[in-house]
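Remarks on the overall topology
Residue-level listing of the chains:
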Amino acid sequence: MPAKRVLVTGATTPLGLEVIRQLLDDPAIEHVLAVGREPAGALPIAASDRFSYEQVDLRRSRERRALLFGVVRARGIDAILHGALHRSAQLSGRKVHELNVEATRELLHLAERHPTIERFVFRSSAAVYTIVGDKPSIIDEEHPLNLTPAAPQWIRDRVEADLTVCTYIGLSRLRIAVLRCAECLAPKTGSQIYDYLQSQVCLRPLGFDPMLNLISLADAARAQALALRSDEQGIFNIPGADTLPLSRVIARSGRIAVPMPEPLLGPLYRLRSATIGTDFRYDLNHWRFHFSGVLDGRRAAARLGYRPEAPLVWPS
Amino acid sequence: MSRTPTLASRLAAHARARLPAPWRDQIDRLRYDDAGHGFDALGLHPDTIAVGAQALRWLYERYFRVVSHGIENIPAAGPAILASNHGGGLPFDGMMIYLDVLRNSAPPRVVRPILDHFVPGLPFVSTFFARVGSIGGSRGNVRYALEQGELLLVFPEGTEGIGKPIWKRYQLQEWRVGHAELAIRYRAPVVPVAVIGAEEQLPQIGRIEGVHVLGIPYLPILATPLPLPVRFHIHYGAPIDLPALYTAEDADDPEKVAAAAALVKEAVAGLIRRGLDEREGIFR
């Protein structure tokens, strides 16, 4: 049964906003309840009988419980679209983990015994997959996840949250879909590539030019809206319309690519972060700057009806 | 496509302009699954194919003077696997099969060679190989390529084939069965191929084990510093329709897979015998 009354977490990000707009454009959606940490008025959408906003800090267990058994129950919400993840790769620690993983885990627990919620859609990301030279560069949903113990918390949290939701699929009364989205090249979405491209000069490993797949806000939001309309359960890769080498990403963004010996890149980008305060971490991107990783979206096409349609708008 | 003329795009335009018309026409008519920016999802890029063809065609036309036999046996469309003997120290056999199919297949097709697992880790080489259509040897990529209807090239002898000493030339080494399993599972015919000449081009008289420069499995000891200008004869045999002989479920039966691989091996061995009988000398 398609969702009619939807709770959207992570609503104050550009992606959250685009999802809300697309949901509100669908007359079958009766109500969208958006939540975020920012005060009311953070979203440029006026409250109405089809839209409301709640300021909630999902890092706090009490607020999560109050949300689900308060306003969510009162409004008869039947689906959760959970996409609230900490965006900064430079921050780590307990509070970050609380939002990335514990909020996801508890929202699932609460939703399972909730009187009105039937559908749970989790917006995961392609960052959960491991990318190395001897694994496929075309990544389907059975591709190995990045379970390297030495992986930064940014990765470990995403993998743990994703697996937490995956373990419920088929065992819970909820109909669960996990969407592993390609990287959305947009600000405030946690995109490492977006931050990487903020420099006029982009350093890349000498001798390597891997294929990347990037998704637009419009396509990422459409995939989530389609998942809410569908009853399909499982894990779905959500690729974007743009598949191109790293060098072309840099060129299309109007930046200058400077290939450099690989050992220099980590120290130089750490220096950049320390001096300019940027979010890009080379250690997060080391492997995918060497080896290709392109999402195979055939399952989402067959079962959710999702195919990428909206290419990125590159600087002219 | 990028509006920024990069060094690579200028190089590609220059190479394309210098290619003789028959080569250029073949590359212009190549069908590939453009993922949106002139590349396919595995990294193939026709402009780079033009660069590679322009850079290497003298090897094909002048140095090894390749003679093609039976190119019409390559299916015009759909998935297929070329299975060839392998030898000669350096993979000129793969390169010449690639150029021969590019130059002579009708309609033009591009061969997707399956690379050894260490190649994606080699700087520059990995990028160039990906752009001209090579595929990293992981199973997922091979499956994807077959499902997309690509023409794969495999050397079932693997590194034992290319590293065979000169006195074992044209003796097929341990014949791996992966190509037969893939052909059965993904319903692709196998075209047997014999490359005559390649196994004498760079005589190997020994090898140093345990030295793994850039992941390469051994260091060869070669009798000549450069490849000899032997003539290559490439023979394509009639396609072996393994999907007609086996069901997809048979791909899980090791005995049936081994029997299918033996069929292919025998076909390649037969082509080698014929090719050796027909040639008039290693330089002719």
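These remarks concern the structure in this document.

Reading the values: rules and limits
- Residues numbered from 1 in each chain as written.
- Chains lettered and ligands numbered in written order.
- Predicted model: local features only at pLDDT ≥ 70, side-chain atom pairs only at ≥ 80, totals over all residues.
- Heavy atoms only, no water.
- Helix = DSSP H or I, 4+ residues; strand = E, 2+ residues; numbered from the N terminus.
- Rg over C-alpha atoms; globule rule 2.2 N^0.38 Å.
- Buried < 20%, exposed > 50% of the residue type's maximum accessible area, 1.4 Å probe, protein only.
- Contact = heavy atoms within 4.5 Å.
- Areas by Shrake-Rupley, 256 points an atom, 1.4 Å probe, with all protein chains shown as cover.
- 1 Å grid on protein atoms, 1.4 Å probe; cavity = no way out; pocket = protein on both sides within 12 Å on 5 of 7 lines; lining within 4 Å.
- Points joined across faces, edges and corners; volume = space filled by probe spheres on them.
- Nonpolar A, V, L, I, M, F, W, Y, C, P; charged D, E, K, R; others polar.
- Phe/Tyr/Trp six-rings, centres within 6.5 Å; stacked < 30°, edge-to-face > 60°.
- Lys NZ or Arg CZ within 6 Å of the ring centre and 35° of its normal.
- Buried area = accessible area lost by both parts, 1.4 Å probe.
- Salt bridge = Lys/Arg side-chain N within 4 Å of Asp/Glu carboxyl O.
- Polar contact = N/O pair within 3.5 Å; in protein donor to acceptor, adjacent residues only side chain to side chain.
- Expected span 1.5 Å × (residues − 1).
- Disulfide = S-S within 2.5 Å.
- Pairing = 2+ DSSP bridges.
- Axes fitted to C-alpha atoms, helices over the stretch in contact; angles between N-to-C directions.
- Parallel < 35°, antiparallel > 145°, perpendicular 65-115°, else oblique.
- Left-handed = near helix turned anticlockwise from the far one by under 90°.

What about the overall build of chain A?
When you go through chain A residue by residue, the secondary structure sums to 10 helices and 14 strands. Against the 2.2 N^0.38 benchmark of 20 Å for 316 residues, chain A shows a C-alpha radius of gyration of 19 Å, consistent with a compact globule. Considering only C-alpha atoms, chain A reaches an extent of 60 × 40 × 40 Å along its principal axes. Buried residues in chain A amount to 61% of all 316 residues. Taking the intrachain contacts of chain A between residues at least 6 apart in sequence as the baseline, contacts between residues at least 24 apart amount to 78%. Entry remark: accessible area of chain A is about 12,500 Å², with carbon and sulfur atoms responsible for 55%.

Considerations on empty space enclosed by the protein
A complete count under the given rule lists 2 cavities of 30 Å³ or more for this structure. Around the largest cavity, the lining is made up of 27 residues, and of these Ser137(A), Ser292(A), Pro120(B), Ser126(B) and Ala130(B) lie nearest the centre. The dominant element in the lining of the largest cavity, judged by the number of residues it contributes, is helix H5 (residues 125-131) of chain B, at 5 residues. Partitioned by chemical class, the residues of the lining of the largest cavity number 13 nonpolar, 11 polar and 3 charged. The volume enclosed by the second largest cavity comes to roughly 50 Å³. Contributing to the lining of the second largest cavity are Gly88(B), Gly89(B), Ile162(B), Lys164(B), Pro165(B), Ile166(B), Arg169(B), Glu199(B), Leu202(B), Pro203(B) and Gln204(B). Across the lining of the second largest cavity, the residue classes break down as 5 nonpolar, 3 polar and 3 charged.

Some details on the packing of aromatic side chains
Under the defined criterion, the tally for this structure stands at 15 aromatic pairs over all chains. An angle of 80° between the planes, with centres 6.0 Å apart, marks the rings of Trp58(B) and Tyr63(B) as edge-to-face. By relative accessible area, Tyr63(B) is classed as partly exposed at 23%. With a centroid separation of 5.4 Å and an interplanar angle of 55°, the aromatic rings of Phe64(B) and Phe92(B) are classed as tilted. You can see Phe64(B) sitting in the loop between helix H3 (46-63) and strand S1 (67-69) and its partner Phe92(B) sitting in helix H4 (residues 92-104), a full 28 residues away along the chain. Assessed through its relative accessible area of 0%, Phe64(B) is described here as buried. In this structure Phe92(B) comes out as buried when scored by relative accessible area, which is 13%. Ring pairing ties together the aromatic residues Tyr196(A), Tyr269(A), Phe280(A), Tyr282(A) and Phe289(A), which thus form one cluster. If you follow Arg158(A) out to its NZ or CZ, it ends over the ring of Trp154(A), 3.9 Å from the centre. Lying over the aromatic face of Trp23(B), Arg103(B) brings its terminal NZ or CZ to 6.0 Å of the ring centre.

Side note on the interface of chain A and chain B
On the side of chain B, 27 residues touch chain A, which itself brings 26 residues to the contact. With both chains or domains summed, chain A and chain B bury close to 2,200 Å², and 54% of this area falls on carbon and sulfur atoms. On the chain A side of the interface with chain B, the three residues burying the most area are Ile138(A), Arg248(A) and Arg252(A), jointly 26% of the side's total. For the pair chain A and chain B, the interface holds 3 salt bridges. Taking the shortest distance from any N to any O, the salt bridge between Asp140(A) and Arg143(B) comes out at 2.4 Å. Where chain A meets chain B, there are 9 residue pairs in polar contact (both at pLDDT 80 or more). Those elements giving two or more residues to the side of chain A that touches chain B turn out to be strand S12 (242-245) and helix H7 (246-252) of chain A. Of all the elements, S12(A) adds the most residues to the side of chain A that touches chain B, at 4 residues. Along the lines of polarity and charge, the residues of the side of chain A that touches chain B split into 12 nonpolar, 5 polar and 9 charged.

A word on helix H6 (residues 217-229) of chain A
Residue and element names in this part refer to chain A. With 13 residues, H6 ought to run about 18 Å at 1.5 Å a step, and its terminal C-alpha atoms sit 18 Å apart, in line with that. Among the 13 residues of H6, 10 are classified as buried, and the element is accordingly described as predominantly covered. Three or more residues of H6 are buried, namely Asp 219, Ala 220, Ala 221, Arg 222, Ala 223, Gln 224, Ala 225, Leu 226, Ala 227 and Leu 228.

Some points on the state of the cysteines
Should the sulfur atoms of two cysteines be covalently bonded, the bond is a disulfide. Residue and element names in this part refer to chain A. For the coordinates displayed, the defined rule picks out 0 disulfides over all chains. A disulfide-free cysteine, Cys 181 has its sulfur positioned 8.0 Å from the sulfur of Cys 184, the nearest such atom. Of the cysteine sulfurs around Cys 202, a residue in no disulfide, the closest is that of Cys 184, at 18 Å. Owing to a relative accessible area of 0%, Cys 202 belongs among the buried residues under this scheme.

Some points on the sheet that holds strand S7 (residues 175-181) of chain A
All names here are of chain A. As summarised here, the arrangement of the 7 strands in space is S3-S2-S1-S4-S5-S7-S11, forming an open sheet in which the pairing is parallel. Each end of this open sheet is capped by a strand with a single partner; those strands are strand S3 (51-55) and strand S11 (234-238). Across the sheet, the axes of successive neighbouring strands diverge by a mean angle of 20°, strand direction being ignored. Where strand S1 (residues 5-8) lies against strand S4 (residues 79-82), 3 bridges are found, and the strand directions are parallel. Note that in S4 the partner of Val 8 across the bridge is Leu 81. The sheet strands contacting helix H3 (residues 94-112) are S4, strand S5 (119-125) and S7, and the helix crosses S5 at an angle near 165°.

A closer look at the sheet that holds strand S8 (residues 233-236) of chain B
All names here are of chain B. Taken together, the 6 strands give an open sheet; going across it, the order is S1-S8-S5-S2-S4-S3, and neighbouring strands pair in mixed fashion. Looking along the sheet, the strands with just one partner apiece sit at the ends: S1 and strand S3 (111-113). When the angles between neighbouring strand axes are averaged without regard to direction, this sheet yields 25°. Where S3 and strand S4 (residues 151-154) come together, 3 bridges link them in parallel fashion. Residue pairing for S4: Val 111 is matched across the bridge by Leu 151. Sitting on the sheet, helix H8 (residues 178-185) is in contact with strand S2 (80-84), S4 and strand S5 (190-196), with an inclination near 165° to S2.

Observations regarding the packing of helix H1 (residues 7-18) of chain B against H3(B)
The axes of two packed helices give the description: the angle between them and the distance between them. Residues and elements named next belong to chain B. Across the interface, H1 lies against H3 with an axial gap of 8 Å and an inter-helix angle of 55°. It follows from the interaxial angle that H1 and H3 lie oblique. Handedness of the crossing formed by H1 with H3: left-handed. For the pair formed by H1 and H3, the contact residues are Leu 11, Ala 12, Ala 15, Arg 16 and Arg 18 on the first element and Asp 47, Ala 50, Val 51, Gln 54 and Arg 57 on the second.

Some details on the pattern of salt bridges
Pairs may arise between side chains of opposite charge once their charged atoms sit close together. Residues and elements named next belong to chain A. If you walk through the whole model with that rule in mind, you get 41 salt bridges over all chains. Here Glu 30 makes a salt bridge to Arg 5, at a shortest N to O gap of 3.2 Å. Of this pair, Glu 30 sits in the loop between helix H1 (14-24) and strand S2 (31-36) while Arg 5 sits in strand S1, and the two are 25 residues apart along the sequence. Assessed through its relative accessible area of 22%, Arg 5 is described here as partly exposed.

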